[in-house]
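Read off the chains here:
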Amino acid sequence: MLEVLTYPDPRLKRVSTPVDRFDESLHRLLDEMAETMRASGGIGLAAPQVGIPRRCFIVDLELQEGMRARRFEFLNPRITSGRGITTFDEGCLSVPGVTIPVRRFQEITVSYQDRNGTARSLVARDLLSVAIQHESDHLDGILFLDRLPFWKRLLVTRRLKRG
Ligand code: QAP
Ligand code: CO
């Protein structure tokens, strides 16, 4: 099990660097992240949340949707377009106990590499789209709290600091 960093750990604010080696140690990291995420009841987890400042994350919507295979690994992702607006109640393993509505694109196109370095792209809607935007933000040191309207954000961060 990996340790998940929690707010306000300054390491969550770093900008991560690209994955450049698609080797055994990367695969081990992704597998350990998946294990950690499942054990914590999460649906998404980015490498910087476990203290590894590399541009990769995983998403697993199986818990949420119960249907098809909905497990994804995104390496060096780039959101190339966004359309429409949706609002989802978001949480984050790095901000335990907080769930708040956040506005995002309803549909996105994302280019990325898989664990072998193969280039891929995907059009994602609704929950998957929201999860990819939330996790991509982690790679740039952005938390969902940073996406809240000013007053809401102040209210929540004050409450978190008091504990
Ligand atoms: C990001 O979030 C996300 O507060 C992943 O006590 C959020 O896995 C993607 C969690 C919303 C799409 C929509 C949060 C677990 C997990 C908590 C998570 C908690 C226990 C959050
Ligand atoms: Co998060």
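Note: the structure precedes this text.
Computed from a prediction, not measured in an experiment: that's the story for all the values here. (Residues numbered from 1 in each chain as written. Chains lettered and ligands numbered in written order. Predicted model: local features only at pLDDT ≥ 70, side-chain atom pairs only at ≥ 80, totals over all residues. Heavy atoms only, no water.)

Caption draft 1: Highlighting helix H1 (residues 24–40). For H1, with 17 residues, the first-to-last C-alpha span of 24 Å sits near the 24 Å given by 1.5 Å per residue. Check the buried side of H1 and you find it contacts strand E1 (44–46), strand E2 (56–60) and strand E3 (71–90). Positioned one or two residues after H1, glycine 41 has a phi angle of 75°, which is positive. (Helix = DSSP H or I, 4+ residues; strand = E, 2+ residues; numbered from the N terminus. Expected span 1.5 Å × (residues − 1). Contact = heavy atoms within 4.5 Å.)

Caption draft 2: Region of interest: the pattern of salt bridges. Counted under the stated rule, the structure contains 15 salt bridges. Close ionic contact of glutamate 90 with arginine 104 constitutes a salt bridge, the shortest N to O distance being 2.8 Å. Here arginine 104 lies in strand E4 (residues 100–113) and glutamate 90 lies in strand E3, a separation of 14 residues in the sequence. Take glutamate 90 and arginine 104: they sit in the same class, and that class is buried. Where salt bridges share partners, they join Glu90, Arg104, Asp137 and Arg147 into one cluster. (Salt bridge = Lys/Arg side-chain N within 4 Å of Asp/Glu carboxyl O. Buried < 20%, exposed > 50% of the residue type's maximum accessible area, 1.4 Å probe, protein only.)

Caption draft 3: Structural detail: the pairing of E2. In terms of burial, E2 is largely enclosed, as five of its five residues are buried. For E2 and E3, the ladder comprises five bridges, and the chain directions are antiparallel. Among the inter-strand pairings, aspartate 60 is bridged to a residue of E3, identified as arginine 71. (Pairing = 2+ DSSP bridges.)

Caption draft 4: Highlighting the site of ligand 1. The immediate surroundings of ligand 1 are formed by 16 residues, with Gly42, Ile43, Gly91, Gly97 and Glu135 found nearest. One nitrogen or oxygen atom from the main chain of glycine 97 is found 2.8 Å from an oxygen atom belonging to ligand 1. Against a free-state accessible area of 510 Å², the protein chains account for coverage of 80% of ligand 1. Under a 2 Å grid-point criterion requiring more than half of the atoms, the pocket assigned to ligand 1 is the largest pocket. With five residues, helix H3 (residues 126–139) is the largest single contributor of residues to the shell around ligand 1. (Near = heavy atom within 4 Å. Polar contact = N/O pair within 3.5 Å; in protein donor to acceptor, adjacent residues only side chain to side chain. Areas by Shrake-Rupley, 256 points an atom, 1.4 Å probe, with all protein chains shown as cover. 1 Å grid on protein atoms, 1.4 Å probe; cavity = no way out; pocket = protein on both sides within 12 Å on 5 of 7 lines; lining within 4 Å. Sits in = over half its atoms within 2 Å of the grid points.)

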